[in-house]
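Secondary and tertiary structure notes
Read off the chains here:
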Amino acid sequence: MTLILATTTPGEPELFASLQGEGASTGRPSTFVRLSHCNLACQWCDTAYTWRFEGDNRPHRDEAAFERKANQLSLDEQDVAERVAALPPDRLVITGGEPLLQGAALARMVEALSAIRPGFHIEIETNGTVAPHRALDPLVHQFNVSPKLAHSGNPADLAQIPERLAVWAADPRAFFKFVVAEPGDLDEVLALQQAYAIPGERLFLMPEGRTGDVLRERAVWLADICVQHGLRFTDRLHIHLWGDTRGT
Ligand SMILES: Nc1nc2[nH]cc(C(=O)O)c2c(=O)[nH]1
Ligand code: SF4
Ligand SMILES: [Mg+2]
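Keep in mind the model is a prediction, meaning the values are calculated, not measured.

Around ligand 2 there are 13 residues in total, and Cys38, Leu40, Cys42, Cys45 and Asn127 lie nearest to it. Of the residues assigned to the shell around ligand 2, the class counts are six nonpolar, five polar and two charged.

Spelled out as structure tokens, the structure:
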């Protein structure tokens, strides 16, 4: 059985060691596996090469269409596990796209990884709309849940699934990470925080931005909002260090 990964260049899987750049584990050395496919279409998505293939006309800021063959790679789960085990970090961040769309195969990959090299800390980046496969769920230590607000351009009934948000809010492994582009986006975050009783300790605000300049500019007012509302701030460390590039 296989996983469908994103690529850095055609034929090369996006599987790399780096520092976790966002959220509660920022700064921790981690290996990243980026899976292809997403069930949403955010107009500012910085990984549109995981979903916006030729023929997909959902709106995106760059209007880019990606060739599927150049941007996807099927790899055996055992192969993925071996590649992860061969890199130095003892933490794995699985991202996408929406990685929970491939939950059953991910569970087999994580099982294979723990057979090769036990003790990995497993973190999953998710848009929060998909329930983790029942075989995967107990293998995961941390979910970084990033529900999408109105400015993403997704219909609310696709982007925010009430039953799912309630389950994440009650799960101490789940850290929420809201992408904020303008101060006005805060109202929507506060309404969700209240509706689902999300503790401020598990709620991050992160500026939307694909350059250090934009992130720095937005961090100024976003930091102040975090102080006022008892929420956590997260930057995007990897963008400051390496820019908006694949495999970093
Ligand atoms: N270094 C680094 N940290 C990250 N944290 C979340 C990422 C993502 O794209 O989901 C990401 C990423 O792409 N790179
Ligand atoms: S949910 Fe994530 S991967 Fe999917 S379109 Fe939005 S930003 Fe991109
Ligand atoms: Mg990213």
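Following the structure, the description resumes.
Okay, the sheet that holds strand β1 (residues 2–9) next. Strand order in the open sheet made by the three strands is β2-β1-β5, with antiparallel pairing throughout. Either end of the sheet is taken by a strand with one partner, and the two such strands are β2 (12–13) and β5 (72–76).

Attention now goes to the UniProt feature "binding site: [4Fe-4S] cluster" (unreviewed entry) in the protein chain. Per the UniProt annotation, the sites labelled "binding site: [4Fe-4S] cluster" (unreviewed entry) are Cys38, Cys42 and Cys45. Take cysteine 38: it is sitting in the loop between β4 (29–34) and α1 (68–71). Here cysteine 38 falls in the buried class, since 20 other C-beta atoms lie within 10 Å of it. Look past the residues within four positions of cysteine 38 in its chain and what remains in contact with it is Thr50, Trp51, Gly96, Gly97 and Glu98. Take cysteine 45: there are 22 C-beta atoms within 10 Å of it, and that puts it in the buried class.

This part is about the UniProt feature "binding site: substrate" (unreviewed entry) in the protein chain. Residues given the UniProt feature "binding site: substrate" (unreviewed entry) here are Leu19, Gln20, Gly21, Arg34 and Thr95. These annotated residues cover 77 residues of sequence, and their C-alpha atoms all fall within 14.4 Å of one another, placing them together at a single site. Within the fold, glutamine 20 resides in the loop between β3 (15–19) and β4. Glutamine 20 sits in the buried class, given 21 other C-beta atoms within 10 Å. In this view, glutamine 20 contacts Ser25, Thr26, Gly27, Arg28, Ser30 and Val93; residues no more than four positions away in its chain are not counted. Take threonine 95: it is sitting in strand β6 (residues 91–95). Contact partners of threonine 95, with chain neighbours within four places excluded, come to Phe32, Arg34 and Glu125.

Quick look at the sheet that holds strand β10 (residues 203–207) now. The eight strands lie next to each other as β3-β4-β6-β7-β8-β9-β10-β11, forming an open sheet whose pairing is mixed. Edge positions in the sheet fall to β3 and β11 (232–233), since each of these pairs with one other strand and no more. Bridge count for β6 against strand β7 (residues 121–126) is four bridges, and the pairing is parallel. Among the inter-strand pairings, leucine 92 is bridged to a residue of β7, identified as isoleucine 122.

Averaged over all residues, the pLDDT of the protein chain is 98; the fraction at 70 or higher stands at 100%. As scored by the predictor, the complex reaches a pTM of 0.98 and an ipTM of 0.98.

Cis geometry is found at the peptide bond from glycine 96 to glycine 97, where omega equals 15°. Here glycine 97 shows up in the loop between β6 and α3 (103–116). For histidine 37, which is not glycine, the phi torsion reads 85° and is therefore positive. If you trace the backbone, histidine 37 turns up in the loop between β4 and α1. The backbone of alanine 197 sits at a positive phi, close to 50°, despite the residue not being glycine. Tracing the backbone shows alanine 197 in the loop between α6 (186–196) and β10. By C-beta crowding, alanine 197 is classed as exposed, having 9 other C-beta atoms within 10 Å.

What counts, and at which threshold
Residues numbered from 1 in each chain as written. Chains lettered and ligands numbered in written order. Predicted model: local features only at pLDDT ≥ 70, side-chain atom pairs only at ≥ 80, totals over all residues. Near = placed C-beta within 6 Å. Nonpolar A, V, L, I, M, F, W, Y, C, P; charged D, E, K, R; others polar. Pairing = 2+ DSSP bridges. Helix = DSSP H or I, 4+ residues; strand = E, 2+ residues; numbered from the N terminus. UniProt positions renumbered as here; feature names shortened; annotations may be inferred. Buried ≥ 20, exposed ≤ 12 C-beta atoms within 10 Å, placed from the backbone. Contact = placed C-beta atoms within 7 Å. pLDDT = per-residue confidence, 0-100.

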